Amino acid sequence: PKNKKKVVVIGGSFAGLSAIHKLNHYSDELEVTLVDCRDWFEYIPGILRAFVDASYASKLIRKRSTTTTTESFVQGIAKQIERNNVIVSPTIRYNGNIHGSSRRTKAKENGSDGNEPETITLPYDYLVVATGSKHKHPTITPSIGSTTAENYKDRLRTFEDEEQRIRSAKSIIILGGGPVGVELAAEISCHFPSKAVTIIQRSDRLLPSFPNETGIYVEQWFRLRNVCVLLNTTLSSHNERQCITASGDVYTADVVYVCFGMKPNSDFMVANMNETTAATNDDTSNNSDNDITQKNSIVDPNGFILVKDTFEIKENCTEEKNIDGTVTSANSIFVVGDVASHSSNEMKQAYYAEAHGHVVAKNILAMARASSSTTNKNNFFLESYPEIFTHDKSNEMPLVYTVSLGRYDGSLGFNGFVLNGPIASLLKWIIEYTKVMQMEGKAVGEYIWWIGDTVTLWMSRNILPPPSPTYQTKN
């Protein structure tokens, strides 16, 4: 078609890339633009090894210029979302238009001379917000807009700094016994066995979101290596050198890593949706608290953006389902990955984020084709998650995870099955290697994981069903 539908994806990690890779198969119908403040992407589940071996980072991080995908790329930060446009503050200068983009230069306020940095206006028919989340420790997942994270070389340099920091330390405290805390503690203990490592965990066991077999194995692994594991310990305060528990005990170390407290990158969305909704409701209420109510209406108590089962944003979605399952008048804004709050309440994992991207890509294609049709412009079918994969509303998505314990040990889980030991570590390495190829857009990587995902879902539906949903809660 001459008039291709424009899709803008904000965020180029697992969920965003998953959507992009599928949408790019329909480049004759869709124009896809990726917006990300970084010129790189990385395989986050394996990145903790780079804290103790900085050279490992180059195996998991790739410059976007090395990918084989076909979407346009704008390196910058999404500052504002309008009804049909995204306003981006670029971190590098662009020449020419990108899929019909225009430019704005905003005069500085307070009477100062000069202009604010130029912005790029990206028009969209469909918007995918995949901005992810960040940890309290900036090296694990840098926050959006971090000046030390925009450049590929700077990102590699941060791991060199972390490795030197760990090498120089004699004692290290890890706050949090979830997957991040466990893997970081294991990497430090494996690479530097003489260092005093302490894990402080609030619950009564490590990795409470995973089956007991994994938690018990991991705890035994640490105790055999003289890692101090403090369970049922609540913190009252902490800083870079010490932490104080609720009972008044003080623990000090040369380095303290905070490995809990994931926060969604949703602030810019909340602000924008608040402005839009406040303007819409300006004539219905003079109460100043109305703005706050509208602002909070798109997020859950933790700041994650509320979405429907189709991953449309819940705010202002006027969807109507017909008897035959088709949909009339749906939203054009989708939210996926870690930043999304879905009714499944599943833990934040790359596996699920990629599944979100798959669903959104199918739904955007359905909406785009319907809008271009002369007969069914307003009726189309939208896929729901997780029913698109489970084929049964009573089913759960598979519980799939791998936990590294240093170079040669680990724990792998698939629903109720747990495999502990060196084989789990080998399988995680294979996953990392092939996942990086898939994220680069290489055909072999995409083919391997098309097979892998198909087999995983089939086994989960027919052979080894998921465990109790109590495991699959937010970490």
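Above this text is the structure in question.
No experiment lies behind these values; they were computed from the predicted model shown.

*Asks:* Could you give an account of the pairing of strand E12 (residues 196-200), with specific residues and numbers?
*Replies:* Counting buried positions along E12 gives four out of five residues, so the element sits mostly inside the fold. Both strand E11 (residues 171-175) and E12 contribute to a ladder of five bridges, which runs parallel. Following the sheet pairing, Ser171 is matched in E12 by Ala196. Read from E11 through helix H4 (residues 179-191) to E12, the crossover connection turns out right-handed. Note: E12 against strand E13 (residues 228-230), three bridges, orientation parallel. Within the sheet, the bridge partner assigned to Thr198 lies in E13 and is Cys228. Crossover E12 to E13 through helix H5 (residues 212-224) is right-handed.

*Asks:* Please set out the packing of aromatic side chains residue by residue, giving values where relevant.
*Replies:* Counted according to the given criterion, the structure contains ten aromatic pairs. With a centroid separation of 5.8 Å and an interplanar angle of 80°, the aromatic rings of Phe14 and Tyr43 are classed as edge-to-face. Of this pair, Phe14 sits in helix H1 (residues 14-23) while Tyr43 is found in the loop between strand E3 (40-42) and helix H2 (57-60), placing the two residues 29 residues apart along the sequence. Given the relative accessible area of 7%, Tyr43 is considered buried. Measuring from ring centre to ring centre gives 5.6 Å for Trp429 and Tyr433, while their planes differ by 15°; the resulting arrangement is stacked. Placement of both Trp429 and Tyr433 in helix H10 (residues 422-439) is noted, with a separation of four residues, approximately one turn of the helix. On the basis of relative accessible area, Trp429 is assigned to the partly exposed category, the value being 47%. An aromatic cluster of three or more residues is present, and its members are Phe51, Phe159 and Tyr257. Against the face of Tyr56 rests Arg49, its NZ or CZ located 5.4 Å from the ring centre. Sitting above the plane of the Trp449 ring, Lys435 keeps its charged end 4.2 Å from the centroid.

*Asks:* Tell me about H4, residues and numbers included.
*Replies:* Helix length check: H4 (13 residues) gives 18 Å between terminal C-alpha atoms against 18 Å at 1.5 Å per residue, within 8%. Most of H4 is tucked away, with eleven of its 13 residues classed as buried.

*Asks:* Outline the sheet that holds E13, listing residues and values.
*Replies:* Spatially, E13-E12-E11-E17 is the arrangement adopted by the four strands of the open sheet, whose pairing is parallel. The sheet is open, and its two borders are formed by E13 and strand E17 (255-258), each paired with just one other strand. Strand-to-strand twist of the sheet, defined as the mean angle between neighbouring strand axes without regard to direction, takes the value 15°. In the packing of helix H3 (residues 152-168) onto the sheet, contacts are made with E11 and E17, and the angle to E17 comes to roughly 130°.

*Asks:* Could you give an account of unusual backbone geometry, with specific residues and numbers?
*Replies:* The amide bond that connects Tyr385 to the next residue, Pro386, takes the cis arrangement and shows omega of 5°. Within the secondary structure layout, Pro386 lies in the loop between strand E24 (380-381) and helix H9 (387-390). A positive phi angle is found at Asn345, which is not glycine, with a value near 55°. Exposure remark for Asn345: the relative accessible area of 35% places this residue in the partly exposed category. Backbone geometry places Asn415, a non-glycine residue, at a positive phi of 50°. Looking at where Asn415 falls in the secondary structure, it is placed in the loop between strand E26 (410-414) and strand E27 (417-420).

*Asks:* Residues and numbers for the packing of H1 against helix H8 (residues 350-372), please.
*Replies:* Following both chains from N to C, one finds H1 and H8 inclined at 35°, their axes separated by 7 Å at the closest point. Crossing angle aside, the handedness with which H1 passes H8 is right-handed. Within the contact between the two elements, H1 uses Phe14, Ala15, Ser18, Ala19, Lys22 and Leu23 and H8 uses Ala350, Ala353, Glu354, Gly357, His358, Ala361 and Ile364.

Calculation criteria
Residues numbered from 1 in each chain as written. Predicted model: local features only at pLDDT ≥ 70, side-chain atom pairs only at ≥ 80, totals over all residues. Heavy atoms only, no water. Buried < 20%, exposed > 50% of the residue type's maximum accessible area, 1.4 Å probe, protein only. Helix = DSSP H or I, 4+ residues; strand = E, 2+ residues; numbered from the N terminus. Pairing = 2+ DSSP bridges. Right-handed = clockwise from strand over helix to strand, strands pointing away. Phe/Tyr/Trp six-rings, centres within 6.5 Å; stacked < 30°, edge-to-face > 60°. Lys NZ or Arg CZ within 6 Å of the ring centre and 35° of its normal. Expected span 1.5 Å × (residues − 1). Axes fitted to C-alpha atoms, helices over the stretch in contact; angles between N-to-C directions. Contact = heavy atoms within 4.5 Å. Left-handed = near helix turned anticlockwise from the far one by under 90°.

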